[in-house]
Amino acid sequence: MAAMAHTQITGHISSAKYVDTDTGRVLTLRLLKGLFPSLTFMGNVQKTGLLGMNRQTGNYEVFVRHPRWVPAVQADGSITYGGLQTEEHIMHLLGREYHEGARTIAAEVLDSLKRGQEIPYGALTIGKEQESVAHDAKTGSIVQLPSNEQVELQSGVHEDALLPFAELRHATNARIDQLIKRAEAHPGMYMMDTSVPLTGSPNDNGMQLNNGDGSSYILPWSQRVKEHLIFSDRKAVNILNAIARQHGHTGYMELIQRNGMQALWPAIACQTSIGLPHVQSADGTYGVPLEIAVATADMFNTNLDAIAEMLMASGPLVFGSAPAHLRDYRMQLRYTLTGALPAPFIRDESTLKKRWESGGISGLIFTLDRLSFQSRLPGRLPHAMSYGSAKIRIETKDPHMHIGRIENTIAGASPSLLDEIAHDAFIYLLTVAAYESVANGASPRTYFGDRFKNLSRWRQRRKLTAAFNMHGANDEPVDSLIRECLALLRRLRDTYPPLSAMATFVIARVRNMQTPPARNLREYRDSPRGPISEVMLAMYDRGVTPLEIMKETYDYQHDLAKEIRQLAATPAFFDQLNARFAHPAS
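Quick look at the structure, then. Values in this document were obtained by computation on a predicted structure and should not be read as measured data.

Within the fold, arginine 445 resides in helix 12 (residues 444–448). By relative accessible area, which is 36% here, arginine 445 ends up partly exposed. Counting along the chain gives 150 residues from arginine 445 to alanine 295, while the straight-line C-alpha distance between them is 8.9 Å. Residues contacting arginine 445, with those up to four places away along its chain left out, are Phe345, Arg347, Leu455 and Ser456.

Turning to the pattern of salt bridges, a few remarks are in order. If you walk through the whole model with that rule in mind, you get 25 salt bridges. Between arginine 169 and glutamate 167 there is a salt bridge; the shortest N-O distance is 3.1 Å. One salt bridge in this structure joins aspartate 559 and arginine 525, with 3.1 Å as the shortest N-O distance. Of this pair, aspartate 559 sits in helix 18 (residues 546–567) while arginine 525 is found in helix 16 (residues 521–526), placing the two residues 34 residues apart along the sequence. By relative accessible area, which is 37% here, aspartate 559 ends up partly exposed. Among the residues examined, arginine 525 registers a relative accessible area of 25% and is labelled partly exposed. If you follow the salt bridges from partner to partner, you end up with Lys128, Asp160, Arg175, Arg182, Asp193, Glu420 and Asp424 in one network.

Right, let's get into the pairing of strand 21 (residues 405–408). As paired elements, strand 14 (residues 270–275) and strand 21 share four bridges and run antiparallel to each other. Residue isoleucine 274 lies in a different strand from strand 21, and its bridge partner there is isoleucine 406. Sheet analysis places strand 19 (residues 390–393) next to strand 21, joined by four bridges and oriented antiparallel. Each residue of the ladder has a partner; that of alanine 390, found in strand 21, is asparagine 408.

A few words now on the environment of arginine 115. Here arginine 115 lies in helix 2 (residues 102–115). Placed 383 residues apart in sequence, arginine 115 and proline 498 show a C-alpha to C-alpha distance of 7.4 Å.

How two aromatic rings sit relative to each other is given by the distance of their centres and the angle of their planes. A full pass over the atoms with the stated rule returns seven aromatic pairs. Aromatic pair tyrosine 190 and tyrosine 554: ring centres 4.7 Å apart, planes at 45 degrees, arrangement tilted. Of this pair, tyrosine 190 sits in strand 13 (residues 189–192) while tyrosine 554 sits in helix 18, and the two are 364 residues apart along the sequence. Across the pair, tyrosine 554 and tyrosine 190 agree in class, each one buried. On the basis of an interplanar angle of 50 degrees and a centroid distance of 6.2 Å, the ring pair of phenylalanine 448 and phenylalanine 452 is categorised as tilted. Each member of the pair phenylalanine 448 and phenylalanine 452 is classed as buried. Among the aromatic residues, those joined into a cluster by ring pairs are Tyr447, Phe448 and Phe452. The lysine or arginine in question, arginine 334, covers the ring of tyrosine 335, its NZ or CZ lying 4.5 Å from the ring centre. Just above the ring of tyrosine 447 sits the side chain of arginine 451; from NZ or CZ to the centre is 5.2 Å.

About the cut-offs
- Residues numbered from 1 in each chain as written.
- Predicted model: local features only at pLDDT ≥ 70, side-chain atom pairs only at ≥ 80, totals over all residues.
- Heavy atoms only, no water.
- Helix = DSSP H or I, 4+ residues; strand = E, 2+ residues; numbered from the N terminus.
- Buried < 20%, exposed > 50% of the residue type's maximum accessible area, 1.4 Å probe, protein only.
- Contact = heavy atoms within 4.5 Å.
- Salt bridge = Lys/Arg side-chain N within 4 Å of Asp/Glu carboxyl O.
- Pairing = 2+ DSSP bridges.
- Phe/Tyr/Trp six-rings, centres within 6.5 Å; stacked < 30°, edge-to-face > 60°.
- Lys NZ or Arg CZ within 6 Å of the ring centre and 35° of its normal.

Put into structure tokens, the structure is as follows:
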């Protein structure tokens, strides 16, 4: 890819269209009148970095931040949008035009699974990115980490990323190594893998905007996101107000005014990625079949994938209290962002490209992976899925790299490694189901819809997670969803014998969500009955302090990690897990 020329764009785009020229297809932009002179901007996609099509290859190759998302710092220190676009903003797109061999590739992957052979094309690799909150072990306050360790929004958030592994047991071993090394590197702290901070306060130093890239990237982005916040949900507003009042503020608005937008996001994420097939072309570069990418992403966008979120519920306390007795506060609070709402399926490659193109030109957001799904409320403009259930990540600066993947992003990390492994295995099995639909020339919605209605639906996802969050897994609509999930898992277990032990383990942990919980975490070590969030909530209701709950949770996670490390040493990993942790209810 040719080096990108610096391009100054100082206005907002009112229209955009493609024009065929002698040098290729270029994008013509017209800026709004009134604010700036009426200008027509033209440039070759190879130089400007704007989203476009290379006519020689037929590929959508490049995407950079829309001008509205590029921060520019003025002399007085204020931050506005628009300004210089440089090569550091560029994202080259690996996705090719429709790959005619997608069905054959999907069939080859499935055949290898059935035979227990190595998976071809680098498909179905497991990558993970875990984020934790740093708590002071003595006080429970959220601690500010050194600037070189800070990520995302808060200065007390620590991120651990894992490269893709061909087998889940190897990814689990690497995850356990993370836990052990992280504890050694941060003495005097509890680095908690939960989806929300269990103790501490939104006023703590660790909850403040980080002093890494926050001021140049997160801060201006968070200002823009304000346009897409929803504060009409009475339950969410009541929770936010309760949190604010417990920490010295009159309500959530005052909390925002004093501490900034980051105070609203006690929502630490866990991303688990499933690698796509990488097909090498004659020039040595790699492409991914978009038909498989779309099918997998749509599968992660279904009602049924809400089970993955429920498995990881682990935040029954938020900042040292339980103001609404939820199983996980992130499930509730993330819906204050429009982009977290369910969004229509992609269904085919042409729709995916149209969303990338229209979303990029209109400036919904600046990365391709967040343009795949676009949600909206009645009377509102569409918004990209900033915190939605799936992302298609197939961008890189090096077209020779193998990084195409689908990311399941909605679930927070869990201090229960059993449920974390079950979550990863569950989305792995959902991906296998997506491949099966592609191999049979159909979308997941068409292929599975008659037998599994929640694989053909997405609109009810928010209601289902809310029902689980407030009432538990035995609530009627959740119970119905679980029964359908178990039927799909049994079908996959029987269809792919080498995955039988994996499916059996996931079945056990899904059924476990409906099991009465152990009384405390000491009992949970021996017999992990019920969701860990409900165990923690029951302890809180009996008067155990949040700081003590956090300490016991931390000890439980690390004790379990050492035990699972021994089980993961053999290829019969899931057989070992089933033998050790199965209980009568499973």
